[in-house]
Protein chains: 2
Amino acid sequence: MSELVWIDGAIIEASRARIDPRDRGFALGDGLYETIRVRNGAPTRVAAHVVRLVRGCALLDFSPPLDPHDFEDTMRRFLQATDTAGDAALRLTLTRGPGPRGLAPPEAPKPTLVMTVAAWTRPAPVAAITAHVARRDETSPLCTIKHTNCLEAILARREAASYGADEAVLLNQQGRVAEATVANLFAVIDGTLTTPPLNEGCLPGVARDEILQRTGAAQRAITQADLARADEIFFSSALGVRSAVAMDGRRLPSRTVAESLLL
Amino acid sequence: MSELVWIDGAIIEASRARIDPRDRGFALGDGLYETIRVRNGAPTRVAAHVVRLVRGCALLDFSPPLDPHDFEDTMRRFLQATDTAGDAALRLTLTRGPGPRGLAPPEAPKPTLVMTVAAWTRPAPVAAITAHVARRDETSPLCTIKHTNCLEAILARREAASYGADEAVLLNQQGRVAEATVANLFAVIDGTLTTPPLNEGCLPGVARDEILQRTGAAQRAITQADLARADEIFFSSALGVRSAVAMDGRRLPSRTVAESLLL
């Protein structure tokens, strides 16, 4: 897989690809992204990713530079150009584009659309902790879109690393479970596969939706006490399902549901 | 003033300046910034800005690419190169630099440092509203650093615009006043100049510190009821003091303190 980048319609070597330093994605985090699982060289669940991206544009009040129906073809052309034949992780980043100094958006933004592709490997089981450094604000509309303001997640991941763990569970402002750093959380509690409902502050994950449909999992608030007695915990993202082998130092007895999903 | 950009030691035309699309500042909002008032071609309050920037690096766990003592010289050389003789706004953006796919930072980050300069004009009085779309999380360490995750502020500014206003006051999770979108808030309440203490979720502003020293303003929690009966409200940033002419539709009777400050 060659190191190529798709930027605003051109496919170029990553080392020559150029983002304007005045891009609001760089200067102000004014952007969105999607990470898409590629199988046999083809992007998967494209419609769900594009719907979420377009909803993000609506909330942030700018128009995507492509017609929503053209994203899939564009992704496929990029994957062909990069000789991506097997599994891969395709990332799409969409920002409001360059702007003058300050917070106020330009009147006629020219959004920046970037795609990159990376190797995919099946997510390995991880030890996880409950993050205390940062919380999700379940009252914020930003919880509903996949944006590039990732510092909370980065701090939580750093807190996990300080305990020798690789993933962190983020609580919401009520102290209940929202999600993991870049994944949704599922837990088997009293024999029932459970995930927090969207109003607990989790991202509406594409894989989360698929698991809900396939398993009929319950959408119920999950307290820290629930998590402390769960038989199984796993994290879902578009790139797959990742089991927790331990949560806050407690070994988890089961990985049965996660292993049956094979997303 | 020519359109030049300082990137990682080189001064080049903005239209040719290049950020790597894999830069974590662009991809994940993994960055910090400072906006510095330039007077007579010289940057002001540099030490305070650099201290805050270095504290941000410590929280995010990466090292700045310059020795803290070298920032001022670097700024001065850039301002000379751009023929900045009078007033200006200098912006410094510092990100963790490029990284591979995913949230985990590279083991040896190569941070990206960018400077741009823009015209400065004295901040004009504005109508302001209380934002309801987003709140500050006063329990987050992210409140203490000036980072590039600005979507809350961008949404709040958009909410203000929908009411014909130009600035928004952000509340904290307790529903008390934290700050404005890119400025601290001061209010004259019962005859006392007041600003929220840092633990209410406001940024430790460089101009805020200076105003506290010069005026002896009280640091006290400000409720929405307090704001609704304030005689004067103004917003402070490194670029100056901006009076509120109206707050949530109520005309404010005074601008006396703000006009006496002339920051």
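A brief look at the structure comes next. Just so it is clear, the structure is predicted and the values come from calculations on it, not from any experiment.

### Description of the sheet that holds strand β1 (residues 4–7) of chain A
Residue and element names in this part refer to chain A.
Link 1 in the chain: Reading across the sheet, the 6 strands line up as β2-β1-β6-β5-β3-β4 and stay open at both edges, with antiparallel pairing between neighbours. With partners counted over all chains shown, the strands left at the sheet margins are β2 (10–13) and β4 (42–43), one partner each.
Link 2 in the chain: The pairing of strand β3 (residues 31–39) with strand β5 (residues 88–95) spans 8 bridges and is antiparallel. Across the sheet, the residue bridging to Glu34 is Leu92, located in β5.
Link 3 in the chain: Packed onto the sheet, helix α2 (residues 46–60) meets β3, β4 and β5 and runs at close to 180° relative to β3.

### Considerations on the sheet that holds strand β5 (residues 88–95) of chain B
Residue and element names in this part refer to chain B.
Link 1 in the chain: Here 6 strands make up an open sheet; going across it, the order is β2-β1-β6-β5-β3-β4 and the pairing antiparallel. Only two strands of the sheet have a single partner each, and these edge strands are β2 (10–13) and β4 (42–43).
Link 2 in the chain: Most of the contacts of helix α2 (residues 46–60) go to strand β3 (residues 31–39), to which it runs at about 180°, and overall it touches β3, β4 and β5.

### Concerning the pairing of β1 of chain A
Sheet faces and side chains relate simply in a regular strand, where the side chains alternate between the two faces.
Residue and element names in this part refer to chain A.
Link 1 in the chain: Going residue by residue along β1, you find Leu4 and Trp6 tucked away on one face and Val5 and Ile7 tucked away on the opposite face as well.
Link 2 in the chain: Bridge count between β1 and β2: 4 bridges; the pairing is antiparallel. Residue pairing in the sheet places Ile7 in a bridge with Ala10 of β2.
Link 3 in the chain: Hairpin connection of β1 to β2: 2 residues between the antiparallel strands, including Asp8 at a positive phi of 45°.
Link 4 in the chain: Of the strand pairs in this sheet, β1 and strand β6 (residues 112–118) are connected by 2 bridges, and their pairing is antiparallel. Across the sheet, Trp6 pairs through a bridge with Met115, a residue of β6.

### Observations concerning the environment of Ser260 of chain A
Link 1 in the chain: Considering the arrangement of structural elements, one finds Ser260 of chain A in helix α7 (residues 256–261).
Link 2 in the chain: Of the polar contacts made by the side chain of Ser260 of chain A, one reaches the backbone oxygen of Val257 of chain A; its length is 2.6 Å.

### Topic: the interface of chain B and chain A
Link 1 in the chain: Listed as interface residues are 58 residues of chain B and, on the opposing side, 58 residues of chain A.
Link 2 in the chain: Summed over the three residues of chain B that lose the most area to chain A, namely Phe26, Leu103 and Leu151 of chain B, the buried surface amounts to 18% of that side.
Link 3 in the chain: Viewed at the interface, chain A and chain B are joined by 4 salt bridges.
Link 4 in the chain: Residue Arg22 of chain A pairs with Glu3 of chain B through a salt bridge whose shortest N-O separation is 2.4 Å.
Link 5 in the chain: Taken together, the links from chain B to chain A amount to 25 residue pairs in polar contact (both at pLDDT 80 or more).
Link 6 in the chain: Of all the secondary structure elements, the ones that give two or more residues to the side of chain B that touches chain A are β1 (4–7), α1 (24–28), β3, α2, β5, β6 (112–118) and α4 (151–162) of chain B.
Link 7 in the chain: Among the residues forming the side of chain B that touches chain A, the class breakdown is 27 nonpolar, 14 polar and 17 charged.

Reading the values: rules and limits
Residues numbered from 1 in each chain as written. Chains lettered and ligands numbered in written order. Predicted model: local features only at pLDDT ≥ 70, side-chain atom pairs only at ≥ 80, totals over all residues. Heavy atoms only, no water. Pairing = 2+ DSSP bridges. Helix = DSSP H or I, 4+ residues; strand = E, 2+ residues; numbered from the N terminus. Contact = heavy atoms within 4.5 Å. Axes fitted to C-alpha atoms, helices over the stretch in contact; angles between N-to-C directions. Buried < 20%, exposed > 50% of the residue type's maximum accessible area, 1.4 Å probe, protein only. Polar contact = N/O pair within 3.5 Å; in protein donor to acceptor, adjacent residues only side chain to side chain. Buried area = accessible area lost by both parts, 1.4 Å probe. Salt bridge = Lys/Arg side-chain N within 4 Å of Asp/Glu carboxyl O. Nonpolar A, V, L, I, M, F, W, Y, C, P; charged D, E, K, R; others polar.

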